[in-house]
Amino acid sequence: MTTKKILILTGDGIGPEIMGEAVKVLEVLKAGGEAIEWRFGLLGGAAYDAEGHPYPPSTQKAAREADAILLAAVGGPKYDELPRELRPERGLLGIRKDLNLFANFRPALAFEELADASSLKKEVIAGLDILILRELTGDIYFGQPRGRRTNADGQLEGYDTMHYSVPEIERIARVAFEAARKRHKRVCSVDKENVLETSRLWREVVIRIGQEYPDVELTHMYVDNAAMQLLKRPKQFDVIVTGNIFGDILSDEASMLAGSIGMLPSASLDANNKGMYEPIHGSAPDIAGQNKANPLATILSVGMMFRYSFGRGDVADRIDAAVKQVLRDGYRTGDIAQPGEKVIGTREMGDAVVAALKRLA
Ligand code: NAD
């Protein structure tokens, strides 16, 4: 087996701390015989500080050469006053666009051990396992024209353009049906077909692609209803596929079902399963450098990398099992602790996962 090359981008804020724990996991896997190697690169504020750009040429080169990328998070108040094109978030959009990472996988999993941390009733979320698939490189976030203009009434107005082409919809639909085949074989496509032309085309194309997957059940839901159903009866969903802006909002909503954003990994893949893996949370500047951050979302992102980019579901299952074990053993960082529970730090949580992983080897 050829050695898989991983580019690690620690980013800003809590990034270096949580990535330090993910690297401990990689070290255990490598020592156990996995053919992986990694190097470090810069993205976001850290890249701006060192090289004057949030996605500098050195990172572009390394990202193109890598088989997969692990990212912690970018951003922080220090960079808020920079011009828009130099802000850390531009680095994130830049790398997604550059590598054509169009399929964003956001699982919403409710760990049984953390059911009390959710704001919903235990019985509504116990056993929850949804995969939200968000198209990531199109839609109103990238559509042209956009800008400001003076309208016919002489008033200043802002405007953006929503659009999806047939190939863009076809490829994300296929990813959704393929993912559903490995799960419970149900896809719910979310749109706003009653109002938007873009959504009308979206629905037509998803239905056509769905005919290639007769073993997968396809349903459709308007985005406003989907937002309600996620709170009312979230377990009705298996795979949700939707466009960039609807997916942005719904996946954040769904993440709260799990209790803490410190628990949730994500993946953004291209057409060849090359991907960037990252926790869904940001750089948490309020707790940076204090050994308080929960590293589990980043560690679970390592698992997703093995599952989706390296075709090693067995390694991913071991990482998931190690995380479940530490939760079962009662290890809690501040964000997932209930009143009265003992709180441990970032490093101690990473050590606990490493110990559990070694026991599972
Ligand atoms: P955030 O996700 O960083 O933090 C929100 C809250 O959750 C904070 O109270 C934080 O302490 C807590 N939190 C987040 N991750 C945690 C973890 N692993 N363990 C424990 N607690 C955790 O969101 P924000 O405060 O809105 O944004 C902070 C910065 O992060 C901003 O600059 C923003 O632009 C950036 N951001 C980056 C990404 C990314 O890199 N993908 C995503 C979202 C926000």
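Predicted model, so just to flag it, every value in this text is computed and none were measured.

Undergrad: Just checking my understanding: could you explain the overall build of the protein for this structure?
TA: Scanning the protein for helices and strands turns up twelve helices and twelve strands. Expected size for 361 residues packed as a compact globule is a radius of gyration near 21 Å; at 20 Å, the protein falls within 12% of this value. Seen through its C-alpha atoms, the protein measures out along the principal axes to roughly 65 × 50 × 45 Å. Sequence-distant contacts in the protein: of pairs separated by 6 or more residues, those separated by 24 or more amount to 75%. About 16100 Å² of surface is accessible on the protein, with carbon and sulfur atoms providing 51% of the total. Between the mean site of the 46 positive side-chain charges and the mean site of the 51 negative ones, the protein shows a separation of 3 Å.

Undergrad: For this particular structure, what's the right way to read the pairing of strand β7 (residues 156–159)?
TA: Strand residues, when the strand is regular, have side chains that alternate between the two faces of the sheet. Note: strand β6 (residues 147–150) against β7, four bridges, orientation antiparallel. Its bridge partner lying in β7, T150 is registered against L156. A loop of five residues connects β6 with β7, the two strands running antiparallel in sequence, and G154 in this loop sits at a positive phi of about 80°.

Undergrad: For this particular structure, what's the right way to read empty space enclosed by the protein?
TA: Evaluation of the coordinates by the stated rule reveals two cavities of 30 Å³ or more. One number sums up the size of the largest cavity: a volume of about 80 Å³. What lines the largest cavity is D139, M162, Y164, V190, D191, T198, S199, W202, G243 and F246. Put simply, the parts of the chain that give the lining of the largest cavity at least two residues each are β8 (186–191) and α7 (197–210). For the lining of the largest cavity, the leading source of residues is α7, giving three residues. Among the residues forming the lining of the largest cavity, the class breakdown is five nonpolar, three polar and two charged. Taken as a whole, the second largest cavity encloses approximately 30 Å³ of empty space. Lining the second largest cavity are R106, P107, A108, I132, S251, A254, S255, L264 and I280. Those elements that provide at least two residues to the lining of the second largest cavity are β4 (103–109) and α9 (244–257). Across the lining of the second largest cavity, the residue classes break down as six nonpolar, two polar and one charged.

Undergrad: Would you mind showing me how to read the site of the ligand here?
TA: Not every one of the 20 residues close to the ligand is listed here, only the nearest: E89, G282, A284, D286 and N294. Measuring from an oxygen atom of the ligand, one finds a backbone N or O atom of V74 at 2.9 Å. Within the side chain of E89, a nitrogen or oxygen atom sits 2.7 Å from an oxygen atom of the ligand. Considered on its own, the ligand offers 810 Å² of accessible surface; in the complex 67% of this is hidden by protein. Counted by class, the shell around the ligand contains nine nonpolar, seven polar and four charged residues.

Undergrad: In this structure, what is going on with the side chain of D238? I would like to understand it.
TA: By the secondary structure assignment, D238 is in the loop between α8 (223–232) and β10 (239–242). Here K185 takes part through its backbone nitrogen, which lies 3.2 Å from a polar atom of the side chain of D238. When near neighbours in sequence (up to four residues on either side) are disregarded, D238 contacts D129, I130, L131, A180, R183, H184, K185 and R186.

Undergrad: Explanation requested: the domain arrangement of the protein in the structure shown.
TA: Think of interface size as the accessible area that goes away when the parts come together; that is how it is often given. Each assigned domain of the protein is listed with its residue range as follows: domain 1 (1–111 + 264–361) and domain 2 (119–258). Its C-alpha centre places domain 1 at a distance of 25 Å from the equivalent point of domain 2. At the interface, 17 residues of domain 1 touch 22 residues of domain 2. Counting the surface lost from both domain 1 and domain 2, the interface buries some 1800 Å², and carbon and sulfur atoms represent 63% of this. Of all residues in domain 1, F102, R106 and A108 bury the most surface against domain 2, accounting for 37% of the area lost on that side.

Undergrad: Which parts of the structure should I look at to understand the packing of helix α11 (residues 313–328) against helix α12 (residues 346–360)?
TA: Two measures define how a pair of helices packs: the angle their axes make with one another and the distance between the axes. Relative orientation of the contacting elements α11 and α12 amounts to 120°, with a least axis distance of 8 Å. By the angle between their axes, α11 is oblique relative to α12. In this structure, α11 meets α12 at a crossing whose hand is right-handed. In this structure, α11 uses R318, I319, A321, A322, V323, Q325 and V326 to contact α12, whose residues at the interface are M349, A352, V353, A356, L357, R359 and L360. Class assignment for the residues of the contact of α11 with α12 results in eleven nonpolar, one polar and two charged.

Undergrad: Where do I start with helix α6 (residues 166–181) in this structure?
TA: An α-helix turns once every 3.6 residues. As a result, residues three or four positions apart point the same way. The first and last C-alpha atoms of α6 sit 23 Å apart over 16 residues, in line with the 22 Å expected at 1.5 Å per residue. For α6, every residue scored as buried is listed here: E168, I169, E170, I172, A173, A176, F177, A179 and A180. Here the buried face of α6 lies against β4, β5 (129–135), β8, α7, β9 (217–222) and β10.

About the criteria used
- Residues numbered from 1 in each chain as written.
- Predicted model: local features only at pLDDT ≥ 70, side-chain atom pairs only at ≥ 80, totals over all residues.
- Heavy atoms only, no water.
- Helix = DSSP H or I, 4+ residues; strand = E, 2+ residues; numbered from the N terminus.
- Rg over C-alpha atoms; globule rule 2.2 N^0.38 Å.
- Contact = heavy atoms within 4.5 Å.
- Areas by Shrake-Rupley, 256 points an atom, 1.4 Å probe, with all protein chains shown as cover.
- Lys, Arg positive; Asp, Glu negative; His and termini not counted.
- Charge placed at Lys NZ, Arg CZ, Asp CG, Glu CD.
- Pairing = 2+ DSSP bridges.
- 1 Å grid on protein atoms, 1.4 Å probe; cavity = no way out; pocket = protein on both sides within 12 Å on 5 of 7 lines; lining within 4 Å.
- Points joined across faces, edges and corners; volume = space filled by probe spheres on them.
- Nonpolar A, V, L, I, M, F, W, Y, C, P; charged D, E, K, R; others polar.
- Near = heavy atom within 4 Å.
- Polar contact = N/O pair within 3.5 Å; in protein donor to acceptor, adjacent residues only side chain to side chain.
- Domains from an automatic or database assignment.
- Buried area = accessible area lost by both parts, 1.4 Å probe.
- Axes fitted to C-alpha atoms, helices over the stretch in contact; angles between N-to-C directions.
- Parallel < 35°, antiparallel > 145°, perpendicular 65-115°, else oblique.
- Left-handed = near helix turned anticlockwise from the far one by under 90°.
- Expected span 1.5 Å × (residues − 1).
- Buried < 20%, exposed > 50% of the residue type's maximum accessible area, 1.4 Å probe, protein only.

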